[in-house]
Amino acid sequence: MLVLVANLGSTSFKYRLFRMDGNGGEVIAKGGYERVTDYAAVIDDALTALQRDGVIASPDEIEAVGFKTVLGKDLSGCVMADQQVIAALEGFTAVAPAHNPPYAAGIAQFEKSLPNARLVALFETAFYQWTSPASYSYAIPSVWRDIGIRRYGFHGASHKFIAERSAELCGREDVAEIVRRLYLDGPQPVEGKPFRVISCHLGGSSSVTGIRNGVAIGSSMGFSPQSGLPQNNRVGDLDSGAIPYAMRTLGISLDEAERQLTKESGLLGLSGVSNDIRDVNAAALEGNPDAQLAIDSLVHSIRHWTGAFQFELGGLDALVFTAGIGENGAATRAAVCKDLEAFGIHLDPAKNEACRATESVISTDDSSVKIIVIPANEELVLAREVYRKLS
Ligand code: ADP
C-alpha cells in the first residue's frame, strides 16, 4: 500500500511517500516546499513530480494520505479525514492557530487532488482518549468545560510508538499487540503483571506521558501544547493568575501576553540565550547562570512529571527518552535520573554517554526500571497507523 504522509505547516508542505507492508515501511520518495501561499499549487506540483520522476505511474497508485492533525473540537482518534474532521479543526483554530488551518485546507485540497485516495487523520490527542475524567478535568465552571476546556495531551503518535516499542524491547509482546490494535479495539485487559512506562518526548516541544498496559493515563500537556514542561519558546506550566497580573502591571494586551508566552518563553525566556538546548548548554558551561537555570528548570519539570506518573502507575518498568533532546542529550538524561536508585532507576553512565540517537538500553543490568532511548520516527508511525486502519 502506498501511503503519503502530508506534513502541513502554516507556510510549508512536506511529504513522504511510504510503501507499507505490515508493520514495516520504506520511504520511496520525499519532498517539501517552504513559503507556501497556495496549498493547491504545491500539492499538485508534488503529485506531478512523483510521476515525472517515475516513482508512480499515476496518482491513483497512492491509496492513502495520512495527516498528523493536532487538536479537534469534540473529535479525536485515528479517523477518516472528512468534512467532520475539517469542522473539528476549524472549531479549535483559536487553540492551535499555527496547525489547524493548514490541515483543514490541506485535507480539503487532497480530497480534490486525489479523489480516489482514502484520507486518514491521526489526532495528536488520540492516545489520551481513555484517560479518566478525574485526570482530564480542570476544576473550572461547567460553562468553561462545555466549550471544550480540559486536558487533552499531545505528541500522541510519538508516545504511542514508545508504548509499543518499549513493550517489544521488554519482552511484553502481549502489551505490544494491544498497542498495535489500540485504535481498532480499544484498551484490553492484561493477564499477570501490569506493564508501566513513562515516556519522555524531549524536543523542540516536550511532554511526559504515563502509560499502563499500552494505554496513556495522562500527559504533562493539557488543554494546549502550551502547558507542562518548559518548551523551546513556550512557557509550559504557568499559574493562571500570572496572566492578568502581568497584563495589568506591564500594561500589555492579551495578544501581547500570548505572544510573549509562546514565542519568548521556555528555554529561550529563561536563558536569554537561545531556544536550542545545545546553545544553552554551551552558555551554561561558560558560566552563564541564566542558561544553567533554564537547563535546571527543564530537568526539574521532567522529574516532577516522571515522579507524578510513577506514583500514579504504582511503579515503573521502563523509563524512555525520545526526540531531539531525549535521543542526543546524555547530560539531560543523566540529570533526570540522578539519585533515583531508591525508585529502582539505575542509569549506567558509560552506556548513557555512548548512546547518541540510537536505540539502546542505558540502565545497569540490575536496574529494576529499564531506561531506554528510542529514536522518534513520527512519519513512519503515522504511515503505520494509516495502514493499520485501512487494512
Ligand atoms: P521538534 O520537536 O521540533 O520535532 P526535535 O525532536 O528534532 O524537535 O528536537 C529538537 C531539539 O533537539 C532542539 O532543542 C535541539 O537542541 C535538540 N538536539 C538536537 N541535537 C542535539 C544534541 N546533539 N544534543 C542535545 N540536544 C540536541
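Our subject is the structure that appears above.
Calculation criteria
- Residues numbered from 1 in each chain as written.
- Predicted model: local features only at pLDDT ≥ 70, side-chain atom pairs only at ≥ 80, totals over all residues.
- Heavy atoms only, no water.
- Helix = DSSP H or I, 4+ residues; strand = E, 2+ residues; numbered from the N terminus.
- Rg over C-alpha atoms; globule rule 2.2 N^0.38 Å.
- Buried < 20%, exposed > 50% of the residue type's maximum accessible area, 1.4 Å probe, protein only.
- Contact = heavy atoms within 4.5 Å.
- Areas by Shrake-Rupley, 256 points an atom, 1.4 Å probe, with all protein chains shown as cover.
- Lys, Arg positive; Asp, Glu negative; His and termini not counted.
- Charge placed at Lys NZ, Arg CZ, Asp CG, Glu CD.
- Salt bridge = Lys/Arg side-chain N within 4 Å of Asp/Glu carboxyl O.
- Near = heavy atom within 4 Å.
- Polar contact = N/O pair within 3.5 Å; in protein donor to acceptor, adjacent residues only side chain to side chain.
- Nonpolar A, V, L, I, M, F, W, Y, C, P; charged D, E, K, R; others polar.
- Phe/Tyr/Trp six-rings, centres within 6.5 Å; stacked < 30°, edge-to-face > 60°.
- Lys NZ or Arg CZ within 6 Å of the ring centre and 35° of its normal.
- Pairing = 2+ DSSP bridges.
- Axes fitted to C-alpha atoms, helices over the stretch in contact; angles between N-to-C directions.
- Core = buried A, V, L, I, M, F, W, Y, C linked by side-chain atoms within 4.5 Å.
- Parallel < 35°, antiparallel > 145°, perpendicular 65-115°, else oblique.
- Left-handed = near helix turned anticlockwise from the far one by under 90°.
- Expected span 1.5 Å × (residues − 1).
- Disulfide = S-S within 2.5 Å.

Caption draft 1: Focus on the overall build of the protein. Across its full length, the protein holds 17 helices and twelve strands. A compact globule built from 391 residues should have a C-alpha radius of gyration of about 21 Å, and the protein, at 21 Å, falls within 12% of that. A principal-axis box enclosing the C-alpha atoms of the protein has dimensions of 60 × 55 × 45 Å. Here the protein, with 391 residues, has 51% of them falling under the buried criterion. Restricting the contact set of the protein to residue pairs at least 6 apart, pairs at least 24 apart contribute 63%. In the form shown here, the protein has an accessible surface area of approximately 17,400 Å², with 52% of it arising from carbon and sulfur atoms. If the 35 positive side-chain charges of the protein are averaged to one point and the 47 negative ones to another, these points end up 2 Å apart.

Caption draft 2: Structural context of the pattern of salt bridges. Here the structure, examined in full by the defined rule, presents 26 salt bridges. Glu385 is the salt-bridge partner of Lys160, the closest N and O atoms lying 2.5 Å from each other. Of the two residues, Lys160 sits in helix α6 (residues 156-169) while Glu385 sits in helix α17 (residues 378-390), which places them 225 residues apart along the sequence. Glu385 carries the same exposure label as Lys160, and that label is buried. Within the structure, one salt-bridge network assembled from shared partners comprises Lys160, Glu164, Arg165, Glu168, Glu173, Glu177, Arg180, Glu359, Arg384, Glu385 and Arg388.

Caption draft 3: Spatial organisation of the site of the ligand. In the region of the ligand, the neighbouring residues are Gly203, Gly204, Ser205, Asp276, Ile277, Arg278, Ala323, Gly324, Ile325 and Asn328. Contact distances for the ligand include 2.9 Å between an oxygen atom and a backbone N or O atom of Gly204. Within the side chain of Asp276, one N or O atom sits 2.3 Å away from an oxygen atom of the ligand. Burial of the ligand by the protein chains amounts to 62% of its free accessible area of 580 Å². Residue assignment for the shell around the ligand shows that the elements contributing at least two residues are α12 (277-285) and α14 (323-328). Among the elements that make up the shell around the ligand, the one with the highest residue count is α14 (four residues). When grouped by side-chain class, the residues that make up the shell around the ligand number three nonpolar, five polar and two charged.

Caption draft 4: Representation of the packing of aromatic side chains. Considering all chains together, one arrives at eleven aromatic pairs under this definition. Between the aromatic rings of Phe67 and Phe110, the centroid separation amounts to 5.7 Å while the plane-to-plane angle is 70 degrees, which identifies the pairing as edge-to-face. Of this pair, Phe67 sits in strand β4 (residues 62-67) while Phe110 sits in helix α3 (residues 100-113), and the two are 43 residues apart along the sequence. Phe110 matches Phe67 in its accessibility class, with the two residues each being buried. Measuring from ring centre to ring centre gives 5.9 Å for Phe127 and Tyr128, while their planes differ by 65 degrees; the resulting arrangement is edge-to-face. In this structure Tyr128 comes out as buried when scored by relative accessible area, which is 2%. Among the aromatic residues, those joined into a ring-pair cluster are Phe13, Tyr15, Tyr33, Phe67, Tyr103 and Phe110. In this structure, Lys160 is placed above the aromatic ring of Tyr183, and the distance from its NZ or CZ to the ring centre is 4.5 Å.

Caption draft 5: Region of the structure containing the sheet that holds strand β10 (residues 318-322). If you walk across this open sheet you meet the six strands as β9-β8-β7-β10-β12-β11, and the pairing is mixed. At either margin of the open sheet sits one strand with a lone partner, and together these are β9 (215-219) and β11 (360-361). Together, β10 and β12 (370-373) form the strand contacts of helix α15 (residues 330-337), whose direction differs from that of β10 by roughly 155 degrees.

Caption draft 6: Examining the nonpolar core more closely. Met20, Leu122, Phe127, Tyr183, Val320 and Val386 are the most contacted members of the largest nonpolar core, which has 39 residues in total. Ranked by the residues each element gives to this core, the list is headed by α17, at seven residues. Residues in contact with Val320, not counting those within four places in the same chain, are Ile162, Ser166, Val197, Ile198, Ser199, Cys200, Ile372 and Ile374. Core analysis: the next-biggest nonpolar cluster, separate from the first, contains 35 residues, Leu2, Leu8, Ile43 and Leu50 among them.

Caption draft 7: Expanded view of the packing of helix α1 (residues 39-52) against α3. The interhelical angle for the contact between α1 and α3, taken along N-to-C directions, is 50 degrees, at an axis separation of 10 Å. Relative to α3, the element α1 is oriented oblique. The element α1 and its partner α3 pack so that their crossing is right-handed. Residues Tyr39, Ala40, Ile43, Asp44 and Leu47 of α1 touch α3, and the partners they reach there are Pro102, Ala105, Gly106, Gln109, Phe110 and Ser113.

Caption draft 8: Summary view of α3. With 14 residues, α3 ought to run about 20 Å at 1.5 Å a step, and its terminal C-alpha atoms sit 20 Å apart, in line with that. Within α3, the full set of buried residues consists of Asn100, Pro102, Tyr103, Ala104, Gly106, Ile107, Gln109, Phe110 and Ser113. Considering only its buried residues, α3 is in contact with β1 (2-8), β2 (13-21), α1, β4, α2 (83-91) and β6 (118-122).

Caption draft 9: Representation of the state of the cysteines within the structure. Scanning the model with the defined rule gives zero disulfides in all. Here Cys170 stays free of any disulfide, with the sulfur of Cys200 as its closest cysteine sulfur at 14 Å. You can call Cys170 partly exposed: its relative accessible area is 24%.

Caption draft 10: Structural context of the side chain of Gln231. With respect to the helices and strands, Gln231 occurs in the loop between β9 and α9 (242-250). In terms of polar contacts, Gln231 uses its side chain to reach the backbone carbonyl oxygen of Ser227, at 3.4 Å. When sequence neighbours within four positions are dropped, the list of residues in contact with Gln231 reads Gly204, Ser205, Ser206, Met221, Pro225, Gly266 and Leu267.

By themselves, these are just geometric observations and shouldn't be taken as functional.
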